[in-house]
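# Geometric and topological summary
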Amino acid sequence: MDKKIYFISDLHLGARTLESPLETEKRVVKWLDSVKDSASAIYLLGDILDYWFEYRCVVPRGYTRFFGKIAELTDNGVEVHWFIGNHDIWIFDYLPNELGIILHKKSYITDICGKRFYMGHGDGEGKRPLGFLFLRSFFRNKLCQKLYSAIHPWWTVPFAHGWSSTSRKSAGGEPKFANNESNPLVEFAEEYNQKADSKIDYFIFGHQHLLFKRPLKSGGEIILTGDWIKLCSYVEFDGSTIELKQF
Ligand SMILES: [Mn+2]
């Protein structure tokens, strides 16, 4: 393979808790610019936007530079896959049609250059607190989404941004893990490869805002993609080796 595959997650663009949301967006765009010629595909592994809700006829403001750059890449034949996270859940048909992205609502297994990948945001696997599971199914419920969309954005948008900032510190947000404690995603991957007939070579997840690559006892490796709040990290696969990098 003469081109490369890239993975990033947890940009949380537009988050009120970012020091400068615009600077983060510009930095991401710079990174996209730096990889656009070498990339055959880019996997956005969720929580790319801190909050987003597509109504049938209108969409939220912001993210102009980022969206423009993604559209430029897909127009030039780069495959861009976008996995919804637990913040950018409500992407429906607008972003796929407008930006030419391939939308994934759940984790996805695929073979690239003879390696088997299991990738997703990471909020759908492993042991999670009950409160988180309840909110996850509530947020993903079609009827709840319909009802929510009937409320004027005047009320919902400020609420959602407030919720998103506070939830990062509680059960609804990203779990906090130290690198060495037992990690539900690592446990999930271990168990999966123990039982699987065709083992996964690389499990790749975001969500935890950790950046690491670890061999599994049951075979294969697990990679966490970090974030763009502190780490500005990404994962690069050139067809034979996989590397963690920072921009
Ligand atoms: Mn997340």
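Residues numbered from 1 in each chain as written. Predicted model: local features only at pLDDT ≥ 70, side-chain atom pairs only at ≥ 80, totals over all residues. Heavy atoms only, no water.

### What about the sheet that holds strand β10 (residues 233–237)?
The strand order across the open sheet built from six strands is β4-β3-β2-β1-β10-β11, with neighbouring strands paired in mixed fashion. What marks the edges here is a single partner per strand, and that holds for β4 (102–104) and β11 (242–246). Neighbour-to-neighbour, the strand axes of the sheet open up by a mean angle of 20 degrees, direction not taken into account. Where strand β1 (residues 4–8) lies against strand β2 (residues 39–44), five bridges are found, and the strand directions are parallel. (Pairing = 2+ DSSP bridges. Helix = DSSP H or I, 4+ residues; strand = E, 2+ residues; numbered from the N terminus. Axes fitted to C-alpha atoms, helices over the stretch in contact; angles between N-to-C directions.)

### Observations concerning the sheet that holds strand β6 (residues 115–120)
Strand order across the open sheet formed by five strands is β5-β6-β7-β9-β8, with mixed pairing between neighbours. Of all strands in the sheet, those bounded by a partner on one side alone are β5 (108–112) and β8 (211–215). The average undirected angle you get between the axes of adjacent strands in this sheet is 20 degrees. Pairing between β8 and strand β9 (residues 221–225): five bridges, direction antiparallel. Bridging across to β9, K213 finds its partner in I223. Where helix α7 (residues 184–195) meets the sheet, its contacts fall on β5, β6, β7 (202–205), β8 and β9, and the angle it forms with β7 comes to roughly 150 degrees. (Contact = heavy atoms within 4.5 Å.)

### Quick look at a positive patch on the surface
A cluster of basic residues, K26, R27, K30 and R65, forms a positive patch at the surface. No other element matches the three residues that helix α1 (residues 21–35) contributes to the positive patch. Among the structural elements, R27 can be located in helix α1. (Patch = residues over 30% accessible without salt bridge, like charges linked within 9 Å, V, L, I, M, F, W, Y side chains within 5 Å. Areas by Shrake-Rupley, 256 points an atom, 1.4 Å probe, with all protein chains shown as cover. Salt bridge = Lys/Arg side-chain N within 4 Å of Asp/Glu carboxyl O. Lys, Arg positive; Asp, Glu negative; His and termini not counted. Charge placed at Lys NZ, Arg CZ, Asp CG, Glu CD.)

### Let's talk about the packing of aromatic side chains
All chains considered together, the criterion is met by 37 aromatic pairs. Seen from the ring of F212, R214 lies directly overhead, with NZ or CZ sitting 4.1 Å from the centre. (Phe/Tyr/Trp six-rings, centres within 6.5 Å; stacked < 30°, edge-to-face > 60°. Lys NZ or Arg CZ within 6 Å of the ring centre and 35° of its normal.)

### Some details on the nonpolar core
Membership of the largest hydrophobic core comes to 39 residues, with the highest contact counts inside it found for I42, L44, L49, F66, F67, W82 and L95. Those elements that provide at least two residues to this core are β1, α1, β2, α2 (64–75), β3 (79–83) and α3 (94–99). The greatest single-element share of this core, amounting to five residues, is contributed by α2. In contact with L49, not counting residues within four places along its chain, are H12, L13, Y63, F66, F67, W82, H87, D88 and L95. Of all hydrophobic cores here, the second largest spans 15 residues; its members include A41, Y43, F237 and I242. (Core = buried A, V, L, I, M, F, W, Y, C linked by side-chain atoms within 4.5 Å. Buried < 20%, exposed > 50% of the residue type's maximum accessible area, 1.4 Å probe, protein only.)

Keep in mind that these numbers describe shape and distance, not what the molecule does.
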